[in-house]
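Each chain, written out:
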Amino acid sequence: CDCEREDMLPPHMSDCLDHVHNLRLEFEPSWAASRRTATELLMALAGCAPRLRSLRLECRGEKPLFDAGRDILDAVHAVCGAARKLRHLDLRRLPFTLDDTLVLQAARNCPELHSLFLDNDTLVGSVGPSSVIKLLEACPRVRALGLHLASMSRAALEVLAAPDRAPLMLLALRCACPEDARASPLPNEAWAALRRRHPRLAVELELEPALPAESVTRVLQPAVPVAALRLNLSGDTIGPVRFAAHHYATTLRALEVRAAASAELDAALEELAARCAALLEVHCFCVVRPSVRDAFRAHCPRLRTYTLKLTREPHPWRPTLVA
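Read on for an overview of the structure. In this text the structure is predicted, and so the values were computed from the model without any measurement. (Residues numbered from 1 in each chain as written. Predicted model: local features only at pLDDT ≥ 70, side-chain atom pairs only at ≥ 80, totals over all residues. Heavy atoms only, no water.)

## Examining the overall build of the protein
What counts, and what does not: Each helix corresponds to a stretch of at least 4 residues labelled H or I by DSSP, and each strand to a stretch of at least 2 residues labelled E; elements are numbered beginning at the N terminus. Note on exposure labels: buried denotes an accessible area under 20% of the residue type's maximum, exposed denotes more than 50%, and partly exposed covers the range between, all computed with a 1.4 Å probe on protein chains only. Whether two residues are in contact is decided by their heavy atoms: any pair within 4.5 Å suffices. For accessible areas, the Shrake-Rupley method is used with a probe of radius 1.4 Å. Any residue's cover is judged against the shown protein chains and nothing else. The convention is simple: Lys and Arg are positive, Asp and Glu are negative, and His and the chain ends are not counted. Lysine's charge is taken at NZ, arginine's at CZ, aspartate's at CG and glutamate's at CD.
When helices and strands are tallied, the protein shows 12 helices and 12 strands. Per-residue burial for the protein yields a buried fraction of 50% across its 323 residues. Partitioning the intrachain contacts of the protein with sequence separation of at least 6 by distance along the chain shows that 74% fall at a separation of at least 24. When the accessible surface of the protein is totalled, it reaches about 14800 Å², and 53% of it is carbon and sulfur. Here the protein carries 41 positive and 39 negative side-chain charges, and the mean point of each set is 7 Å from the other.

Here it is in structure tokens:
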């Protein structure tokens, strides 16, 4: 729904909706026609949702200020109430505050869920740990889960480690809200138990400026099988890079760093390159010295793409593909 016309949908689209199994819906929240069409399409889909297996929503452009997205969220709520065969729900690109009501609706009505991604770009996290536990208990087939840190708890890790669950393959945690900074710590022993139960588990961690240094140390536990680490911190970045080099050497596949350039950061990146031989990609959004690039090229034979600029260039910086 990418234009401002009133007639974006084909005239017989409503007759076809009961045949839709997988839907990716893109719309512009600041365009009235695009937004209305997306909402109407979702509400119509809710009326014939038994066939729906996958739903992914993506907002393009900027949403209006102070926009709670109630119309869109109500439509998603309606779909979750009707789509009992829904297996995949991806709301990462929906920039509205998601809440317990939506999670509990999915827990009640979508027992077949295989993946759920709620780790979206919002300034407020309103999905509580108790709702997540209820969803995990109601949906034992969940294999991929994306949440804000404040929505996760030790009890949720224990539910995920239960012997009767499907193998957990991906857990993505975004730490970007003030609530994430106040989240209860996830103990290393709980991570170790989860890793023993799901040896193929990959964890993605995204740490944003809202997370103070003391919270970073609580998040980066040695037993977490971190496969992707994205650091965009307002404080120390060198410490987390060194921590990753020492504890995630066997699991780390992707690293993204946004920080000020320094000799200390360069040294930490070189150490990480020497230890993390299985890296597939590394992206550093500050200028680095040539030895950093050379270290990743020399020690990471599986490297596919990197952003390691030796001089400042106009943004956006483009990655280099390894031949």
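## A word on the pattern of salt bridges
Rule in force here: By definition here, a salt bridge exists when the distance from a side-chain nitrogen of Lys or Arg to a carboxyl oxygen of Asp or Glu is within 4 Å.
Taken as a whole and judged by the stated rule, the model has 20 salt bridges. Here Asp294 makes a salt bridge to Arg293, at a shortest N to O gap of 3.8 Å. A relative accessible area of 38% places Asp294 in the partly exposed class. Here the salt bridges share partners, and the residues they tie into one network are Arg24, Glu26 and Arg60.

## Examining unusual backbone geometry
Omega for the bond connecting His315 with Pro316 falls within 30 degrees of zero, at 5°, which places this linkage in the cis form. Its location among the elements puts Pro316 in the loop between strand S11 (305-308) and strand S12 (320-321). One non-glycine residue with positive phi stands out, namely Phe66, at about 60°.

## A short note on the nonpolar core
Put simply, the test is: Here the nonpolar core consists of buried residues drawn from Ala, Val, Leu, Ile, Met, Phe, Trp, Tyr and Cys, with membership extended through side-chain atoms lying within 4.5 Å.
Among the nonpolar cores identified, the biggest contains 102 residues, and Leu94, Met152, Leu171, Trp191, Leu272 and Phe296 are the most heavily contacted of them. Take this core: its biggest share by element is six residues, from helix H3 (residues 70-82). Setting aside chain neighbours within four positions, we find Leu171 in contact with Leu145, Met152, Leu157, Trp191, Leu194, Leu201, Ala202, Val203 and Glu204.

## A few points about the environment of Pro225
Mapped onto the elements, Pro225 comes out in the loop between helix H9 (213-219) and strand S8 (226-231). Separated by 141 residues in the primary sequence, Pro225 and Arg84 place their C-alpha atoms 32 Å from one another.

## Focus: the packing of aromatic side chains
To keep it simple, the criterion reads: Any two of the Phe, Tyr and Trp rings considered here, Trp counted by its six-membered ring, make a pair once their centres fall within 6.5 Å; the pair's planes then place it as stacked at under 30 degrees, edge-to-face at over 60, or tilted in between. Placement of a positive charge over a ring is assigned whenever Lys NZ or Arg CZ falls within 6 Å of the ring centre and within 35 degrees of the normal to the ring plane.
In total, this model carries one aromatic pair according to the counting rule given. Between Phe243 and Tyr248, the ring centres sit 5.8 Å apart and the planes meet at 70°, which makes this aromatic pair edge-to-face. By relative accessible area, which is 23% here, Phe243 ends up partly exposed. For the cation-ring pair, Arg92 lies above Phe117, with the distance from its terminal atom to the ring centre recorded as 3.9 Å. Above the plane of the ring of Phe285 lies Arg258, whose end atom (NZ or CZ) is 4.0 Å from the centre.

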